Amino acid sequence: MAGATPGTRRVVKVDRQGVNVFDTGGSGPTAVLVPDGPCVADHFVELISILSPEFRVICIEMPGNGGSLPSLGYDYAFATGGHLLNEVISQLRIYDAVLSASCVNSHYALSAGATCPDRWVGIVLHQAIPIPELQRWGRRTLPGALNMPILGQLVAAIYRNRMTGQWFHKALPPGISPTHLEAVAAERRRLGSCFCIASLCQAVLAERDPSGTYRDLASPVHLICGTADPTHRGTDWDSLARLLPNCSVSRLDGVGHFPEIERAAVTAASLKTLVYG
């Protein structure tokens, strides 16, 4: 990605966990992007290129995805991920930023915003639903073996390449080719990236619903929903917004599970609106 979008990669240590970070640098306002596996920072080239003339763009690969190999004992809990996001930007000496996250990572973003509200000017979410609905969605959408400790990790390791390709096919609208998404993921795998989907699934299923804490979220939230996501047929896209004190919702027709990739300009515009009004 560095060849297409100027910037640097670095590893930021939070406690014992190394976090892979791509940073464009710059002195403008900061946008923090969090790709949802199996997507990685390299999938966000278009979004970063739109934002980087005006923003310092930070792309954080969460533990268990991309270049952030999970440390022994990392638990994937939403509170843990929220703490990690806040600590990464603290170490980078960023004190106010806009944050973009998707699907499971949306709850890391909300946790970060709820615990350190002064750090986040606003949050843009994609394909985000309340935790009980997310748990039901995971059971319905992903292979059941992933939810079983040890067996899930073995299945994910053995069938990693196949599962990644199948997910891109499954999550895009009919007729939309996943070839580019697959190629980017395959190149990062060749370079040693990870995708610990089983550990993440098991952690999500173990979560208790902390939605009450989100009512104290000070940051404005904008939720972008791809209504042609085949994995979300029948989803009530207002369900999360009803739990948040200041959340607006946009629906994108013809867009699947990856709005920030499929319609990068829309995500960029939403982030800019949170900064500039």
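The rules behind each value
Residues numbered from 1 in each chain as written. Predicted model: local features only at pLDDT ≥ 70, side-chain atom pairs only at ≥ 80, totals over all residues. Heavy atoms only, no water. Helix = DSSP H or I, 4+ residues; strand = E, 2+ residues; numbered from the N terminus. Rg over C-alpha atoms; globule rule 2.2 N^0.38 Å. Buried < 20%, exposed > 50% of the residue type's maximum accessible area, 1.4 Å probe, protein only. Contact = heavy atoms within 4.5 Å. Areas by Shrake-Rupley, 256 points an atom, 1.4 Å probe, with all protein chains shown as cover. Expected span 1.5 Å × (residues − 1). Core = buried A, V, L, I, M, F, W, Y, C linked by side-chain atoms within 4.5 Å. Pairing = 2+ DSSP bridges. Axes fitted to C-alpha atoms, helices over the stretch in contact; angles between N-to-C directions. Patch = residues over 30% accessible without salt bridge, like charges linked within 9 Å, V, L, I, M, F, W, Y side chains within 5 Å. Salt bridge = Lys/Arg side-chain N within 4 Å of Asp/Glu carboxyl O. Parallel < 35°, antiparallel > 145°, perpendicular 65-115°, else oblique. Left-handed = near helix turned anticlockwise from the far one by under 90°. Nonpolar A, V, L, I, M, F, W, Y, C, P; charged D, E, K, R; others polar. Phe/Tyr/Trp six-rings, centres within 6.5 Å; stacked < 30°, edge-to-face > 60°.

A. View of the overall build of the protein chain. The helix and strand inventory of the protein chain stands at eleven helices and ten strands. On C-alpha atoms alone, the protein chain measures out to a radius of gyration of 17 Å, which is about the 19 Å that the 2.2 N^0.38 rule sets for 277 residues. Judged by the C-alpha coordinates and their principal axes, the protein chain covers about 45 × 40 × 40 Å. Out of the 277 residues belonging to the protein chain, those deemed buried represent 57%. Here the contacts in the protein chain between residues at least 6 apart in sequence split such that 77% fall between residues at least 24 apart. As presented, the protein chain carries roughly 11500 Å² of accessible surface, and 54% of it is formed by carbon and sulfur atoms.

B. Representation of helix α2 (residues 78-91) in the model. For α2, which comprises 14 residues, the first-to-last C-alpha distance of 20 Å matches the rise-based estimate of 20 Å (1.5 Å per residue) to within 8%. Every buried residue of α2 is listed here: Phe78, Gly81, Gly82, Leu84, Leu85, Asn86, Val88 and Ile89. One or two steps after α2, the chain reaches arginine 93, where phi turns positive at roughly 60°.

C. Summary view of the nonpolar core. Ranked by internal contacts, the top residues of the largest apolar core, which has 87 residues, are Val32, Leu33, Leu51, Ile60, Val88, Leu125 and Phe258. With residues up to four places along the chain from it excluded, the contact list for phenylalanine 258 reads Cys39, Trp167, Phe168, Ala171, Leu172, Leu181 and Arg263.

D. Expanded view of the sheet that holds strand β1 (residues 8-14). An order of β1-β2-β4-β3-β6-β7-β9-β10 is seen for the eight strands of this open sheet, with the pairing classed as mixed. Each having just a single partner strand, β1 and β10 (247-252) make up the two edges of the open sheet. For this sheet the average axis-to-axis angle between neighbouring strands, irrespective of direction, equals 20°. As judged from the six bridges shared by strand β6 (residues 97-102) and strand β7 (residues 120-126), these two strands associate in the parallel manner. Paired with valine 98 across the two strands is glycine 122, which belongs to β7. Together, β1, β2 (17-23), β3 (30-34), β4 (56-61) and β7 form the strand contacts of α2, whose direction differs from that of β1 by roughly 120°. Contacting β3, β6, β7, β9 (221-226) and β10, helix α11 (residues 264-276) crosses the sheet at an angle of about 155° to β7.

E. Inspection of a nonpolar patch on the surface at higher detail. Taken together, the side chains of Ile150, Leu154, Ile158 and Tyr159 define a hydrophobic patch exposed on the protein surface, amounting to about 440 Å² of accessible area. Note on placement: leucine 154 falls in helix α5 (residues 151-158).

F. Up close: the pairing of β2. Counting buried positions along β2 yields seven of seven residues, so the element is predominantly enclosed. Neither face of β2 is left uncovered, since the one carrying Gln17, Val19, Val21 and Asp23 and the one carrying Gly18, Asn20 and Phe22 both have all their residues buried. Sheet topology note: the β1/β2 ladder contains seven bridges and is antiparallel. In the sheet register, arginine 10 faces β2, and the bridge partner there is valine 21. Linking β1 to β2, which pair antiparallel, is a turn of two residues; within it aspartate 15 sits at a positive phi near 55°. Here β2 pairs with β4 via four bridges, running antiparallel. Across the sheet, aspartate 23 pairs through a bridge with isoleucine 58, a residue of β4.

G. Molecular detail of the packing of α2 against helix α3 (residues 105-115). Orientation of α2 relative to α3, taken along the N-to-C sense of each, is 65°, at an axis distance of 7 Å. On the basis of the axis angle, α2 is roughly perpendicular to α3. Remark: the crossing between α2 and α3 carries right-handed chirality. Residues Phe78, Ala79, Gly81, Gly82, Leu85 and Asn86 of α2 form the contact with α3, whose participating residues are His107, Tyr108, Ala109, Ser111, Ala112 and Thr115. Of the residues in the contact of α2 with α3, the class split is six nonpolar, six polar and no charged.

H. Here's a closer look at the packing of aromatic side chains. The final tally for this structure, using the stated rule, is five aromatic pairs. The interplanar angle of 75° and the centroid separation of 5.4 Å between the aromatic rings of phenylalanine 78 and tyrosine 108 together place this pair among those described as edge-to-face. A residue pair is termed long-range when its members are at least 10 positions apart, and phenylalanine 78 in helix α2 and tyrosine 108 in helix α3 qualify at 30 residues. Note on tyrosine 108: relative accessible area 2%, which makes it buried.

I. Broad picture of the pattern of salt bridges. This model, assessed by the stated rule, comprises nine salt bridges. For the salt bridge of glutamate 61 with arginine 188, the shortest nitrogen-to-oxygen distance reads 2.8 Å. Taken as a pair, glutamate 61 in strand β4 and arginine 188 in helix α7 (residues 179-190) lie far apart in primary sequence, 127 residues in all. Within the structure, one salt-bridge network assembled from shared partners comprises Arg9, Asp42, Glu61 and Arg188.

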